[in-house]
Amino acid sequence: MTPVILLAAEKKSAEVTDWAARIGWLVGLALFVALVYWLMREGWKWRGTLQGDLPELPARPSPTTTLNRGGKPPQPGMPDEPGEARLTMSGRYHGSTTAGQWLDRIVARGLGTRSRAELTLTDAGLDVVRPGATDFFVPAAQLRGARLDKGIAGKVLTEGGLLVVTWQHGDRLIDSGFRSDHAAEHAEWVETLNHMINKTEGAR
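Residues numbered from 1 in each chain as written. Predicted model: local features only at pLDDT ≥ 70, side-chain atom pairs only at ≥ 80, totals over all residues. Heavy atoms only, no water.

### Focus: the pairing of strand β3 (residues 115-122)
In plain terms, the rule: For two strands to pair, DSSP has to find at least two bridges joining them. The numbering of helices and of strands both runs from the N terminus, where a helix is a DSSP run of H or I of at least 4 residues and a strand a run of E of at least 2.
In this sheet, β3 lies alongside strand β1 (residues 87-98) in antiparallel orientation, the contact comprising 7 bridges. Residue pairing for β3: Arg92 is matched across the bridge by Arg116. With 5 bridges joining them, β3 and strand β4 (residues 125-129) adopt antiparallel strand pairing. Looking at the pairing, Thr120 lines up with Asp127 of β4.

### Concerning the nonpolar core
Considering soluble globular proteins, one finds that nonpolar side chains tend to be buried as a cluster. Note the following rule: The criterion is simple. A nonpolar core is a set of buried Ala, Val, Leu, Ile, Met, Phe, Trp, Tyr and Cys residues joined through side-chain atoms within 4.5 Å. Summary of the burial criterion: residues with accessible area below 20% of their type's maximum are buried, those above 50% are exposed, and those between are partly exposed, where the area comes from a 1.4 Å probe applied to protein chains only. Should any heavy atoms of two residues lie within 4.5 Å, those residues are counted as being in contact.
Counting 28 residues, the largest nonpolar core has Leu111, Leu119, Leu126, Phe136, Leu143, Trp167 and Trp189 as the members making the most contacts within it. Residue assignment for this core shows that the elements contributing at least two residues are β1, β3, β4, β5 (136-139), β6 (143-149), β9 (162-169), β10 (172-180) and α3 (186-202). In terms of residue count, α3 provides more of this core than any other element does, 5 residues in total. Ignoring sequence-local partners within four residues, the contact set of Leu143 consists of Leu126, Val138, Val165, Thr166, Trp167, Leu193 and Ile197.

### Quick look at the pattern of salt bridges
The test is simple: A carboxyl oxygen of Asp or Glu within 4 Å of a side-chain nitrogen of Lys or Arg is what we treat as a salt bridge.
Under the counting rule described, the total for this entry stands at 6 salt bridges. A salt bridge links Arg109 to Glu56, with the shortest nitrogen-to-oxygen separation between them at 3.0 Å. Of this pair, Arg109 sits in the loop between β2 (105-106) and β3 while Glu56 sits in the loop between α2 (19-50) and β1; the two residues are 53 residues apart in sequence, bridging distant segments of the chain. Exposure remark for Arg109: the relative accessible area of 33% places this residue in the partly exposed category. Arg147 serves as the salt-bridge partner of Asp149, at 3.1 Å between the closest nitrogen and oxygen. Residue class for Arg147 comes out partly exposed when judged on its relative accessible area of 32%. Connected via shared salt-bridge partners are Arg147, Asp149 and Asp175.

### What to know about the confidence of the model for the protein chain
Worth spelling out the cut-off: In predicted models, pLDDT denotes the confidence assigned by the predictor to each residue on a 0 to 100 scale.
Looking at the protein chain as a whole, its pLDDT mean stands at 78, while 69% of the residues score no less than 70. Every residue in residues 63-73 scores below 50 in pLDDT, and together they form 18 contacts with partners more than four places removed in sequence or on other chains.

### Considerations on a nonpolar patch on the surface
Note the following rule: Patch definition: residues with relative accessible area over 30% and no salt bridge; like charges joined within 9 Å; nonpolar side chains (Val, Leu, Ile, Met, Phe, Trp, Tyr) joined within 5 Å. Only the protein chains shown count as cover for residues, with accessible areas throughout obtained via the Shrake-Rupley method and a probe of 1.4 Å.
A contiguous nonpolar patch, built from Trp25, Leu26, Leu29 and Val33 and spanning about 420 Å² of accessible area, is present on the exposed surface. Along the chain, Leu26 turns up in helix α2.

### Things to note about the packing of aromatic side chains
For any pair of aromatic rings, the description consists of the separation of the ring centres together with the inter-plane angle of the planes. For clarity, the cut-off: What counts as a ring pair is set by centres within 6.5 Å for rings of Phe, Tyr and Trp (its six-membered ring), and what kind of pair is set by the plane angle: stacked under 30 degrees, edge-to-face over 60, tilted for all other angles.
The full count for this structure, using the stated rule, is 3 aromatic pairs. With a centroid separation of 5.9 Å and an interplanar angle of 70 degrees, the aromatic rings of Tyr93 and Phe136 are classed as edge-to-face. Of the two residues, Tyr93 is situated in strand β1 and Phe136 in strand β5; the sequence distance between them amounts to 43 residues. When its relative accessible area of 0% is taken as the criterion, Tyr93 is described as buried. In this structure Phe136 comes out as buried when scored by relative accessible area, which is 3%.

Here it is, written out as structure tokens:
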């Protein structure tokens, strides 16, 4: 047998694969991924338990929740009717954290779920509608500030790519992060929200 033929035979035999070892490695990797997912899920549940004292989120004002339509009283300081929309926005909700602590995620009451979001700002406050997730409403009296930022709850974007709204809920001061489908809208939202907040605080 010539050296060329021997070399070809050696290369052919080298193609034999240890399938048992490969399958074992893949199973081990799958188990590791499952373990990481389970630990993340348990951590999420544990954080939600720690935040169990967070009150229920306020409902938006509507004809069925205002006094002049025979419904429940509106939130303290909230007008009987929401009023005309000052601003609207379509985009994404990226999460909420303890104010000033962008990694201290709040998951209770559905605030930890990232989702699409439709925002409407009226004299009554900020209405956040989230398809597939919990809607929430921030009364004007509970709004504390707005700013441009680049990160919240583990989500990092470009500088100024995030609209962060600070609001009071119960004993907690919360930062909620939103990103418009048209980021150029953020500056107008910051200006309008802060003007509205200063006016509300001045009237107290």
